[in-house]
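Reading the structure
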Amino acid sequence: MNSFQTNAILMGVKLFKKSLFINRTETLTHRLSFERLSNFVKFPAYVKRNNIQYAGLEACWFTPDKSSLDKIIFYLPGGGYCVGSCNTHKGLIGRMARAAGHPIIAINYRKAPENPYPAAIEDAVRVYKQLVEDGYKNIILSGDSAGGGLALATTMVLRDEGFKLPMALVLLSPWTDLTCSGDSVTRKKDRDALISPELLEVFAKKYAGKEDLKNPLISPLFGDFTNFPPTLIQVGTEELLLDDATRLTKKMKASGVLVEMELWEGMMHVFQWMAGLMPEANDAIKKIGAFINRQITVEEA
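**A short note on the packing of aromatic side chains**
Tallied over the full model, the rule gives 9 aromatic pairs. The interplanar angle of 35 degrees and the centroid separation of 5.7 Å between the aromatic rings of Phe 34 and Trp 273 together place this pair among those described as tilted. You can see Phe 34 sitting in helix H2 (residues 27-37) and its partner Trp 273 sitting in the loop between strand E8 (259-264) and helix H9 (279-294), a full 239 residues away along the chain. Classification of Phe 34 by relative accessible area gives buried; the value is 15%.

Take a look at the structure:
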């Protein structure tokens, strides 16, 4: 059963949903709405933010006061490949850094429709390779929604190039199928407080352009997960992308990947974004921190 705070917040998000995305196709309106919504979530204590330029992109380090550099997390903010930024996700990322006790670098990768596929992947791969070149040995790659799909696509590119892979993946409500063929996209359309099938379709078209939506680098669900690192997937039972996560988990397990999937009862899409307001989101962030700290570093192996 959801907490009282959670039920109240879910109701508020549902009521605010129409005004957030009142214009279904105008990207600038979506971006401004998302930035406004992010003001509801406070930045956590005991974490410092440092905005920088890294590998030619706007980026931000989130460093907890009690921090170890034996691991770092590379975070890709979600937002349908069209919206979202280090700023919109600052509360979530800051709490992840604090829970894990390790710094996180997040980037503002290029967005559609101005920069459709493959711009986001090019940016993520370039930053990851720069991190490795700069001496970071134990990198955990993470992202939510489209950022989760981007993390998977980035790992596919790195693997196919024979490059050093992330030590683990942490995926929050990953968008893995831009064809939106999962049954939950329609089954949960009146249950997910945040997103709608129509919005997913708009974002998918803007990102993919004329490319095939079944391209594994656009919809990683249709790809190969051989030799992927250990993966944590968190997903809410009331969200449109529930089947994106469950099908991904099944396919990764079939490929021999060590994957943990957590089903969070009654939760909407990327509920962890509400950490600091929702007890369940706080608990999920703690579990992410525990998973990260269970991963064995190069020096420990």
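**What to know about helix H3 (residues 90-100)**
Of all 11 residues making up H3, 9 are buried, and the element is well covered by its neighbours. Where H3 is concerned, the buried positions are Lys 90, Gly 91, Leu 92, Ile 93, Gly 94, Arg 95, Met 96, Ala 97 and Ala 100. Phi turns positive one or two residues past the end of H3, at Gly 101, with a value near 75 degrees.

**Section: the pattern of salt bridges**
If you walk through the whole model with that rule in mind, you get 17 salt bridges. Note that Arg 159 is salt-bridged to Asp 224, the shortest N-O span being 3.9 Å. With Arg 159 in helix H5 (residues 146-160) and Asp 224 in the loop between helix H7 (197-208) and strand E7 (231-236), the pair connects residues that are 65 residues apart, well separated along the chain. Judged by its relative accessible area of 17%, Arg 159 is buried.

**Some remarks on helix H4 (residues 119-133)**
If you check H4, its first and last C-alpha atoms are 21 Å apart, about what 15 residues at 1.5 Å a residue would give, namely 21 Å. Taken together, the buried positions of H4 are occupied by Ala 119, Ala 120, Ile 121, Asp 123, Ala 124, Val 125, Val 127, Tyr 128 and Leu 131. Following H4 by one or two positions, Gly 135 adopts a phi angle in the positive range, close to 100 degrees.

**Observations regarding the side chain of Ser 142**
Checked against the element boundaries, Ser 142 lands in strand E5 (residues 139-144). With relative accessibility at 0%, the residue Ser 142 sits in the buried group. Residues contacting Ser 142, with those up to four places away along its chain left out, are Ile 73, Phe 74, Tyr 75, Leu 76, Met 96 and Val 170.

**Overview of the nonpolar core**
Core analysis: the biggest nonpolar cluster contains 97 residues, and Phe 74, Leu 76, Leu 131, Trp 175, Tyr 207 and Met 252 have the highest contact counts within it. No other element matches the 8 residues that H5 contributes to this core. Contacts of Phe 74, omitting those with residues within four sequence positions, involve Ile 105, Ile 107, Ala 124, Val 127, Tyr 128, Leu 131, Ile 139, Ile 140, Leu 141 and Ser 142.

**Some words on the pairing of strand E3 (residues 72-76)**
Counted residue by residue, E3 has 5 buried out of 5 residues, so it is predominantly covered. Residues Ile 72, Phe 74 and Leu 76 line one face of E3 and the alternating positions Ile 73 and Tyr 75 line the opposite face, and both faces are buried. Relative to strand E4 (residues 104-107), E3 runs parallel, the two being bridged by 3 bridges. Opposite Ile 73, over in E4, you have Ile 104 as the bridge partner. Regarding the hand of the β-α-β motif, the stretch spanning E3, H3 and E4 is right-handed.

Cut-offs and rules
Residues numbered from 1 in each chain as written. Predicted model: local features only at pLDDT ≥ 70, side-chain atom pairs only at ≥ 80, totals over all residues. Heavy atoms only, no water. Phe/Tyr/Trp six-rings, centres within 6.5 Å; stacked < 30°, edge-to-face > 60°. Helix = DSSP H or I, 4+ residues; strand = E, 2+ residues; numbered from the N terminus. Buried < 20%, exposed > 50% of the residue type's maximum accessible area, 1.4 Å probe, protein only. Salt bridge = Lys/Arg side-chain N within 4 Å of Asp/Glu carboxyl O. Expected span 1.5 Å × (residues − 1). Contact = heavy atoms within 4.5 Å. Core = buried A, V, L, I, M, F, W, Y, C linked by side-chain atoms within 4.5 Å. Pairing = 2+ DSSP bridges. Right-handed = clockwise from strand over helix to strand, strands pointing away.

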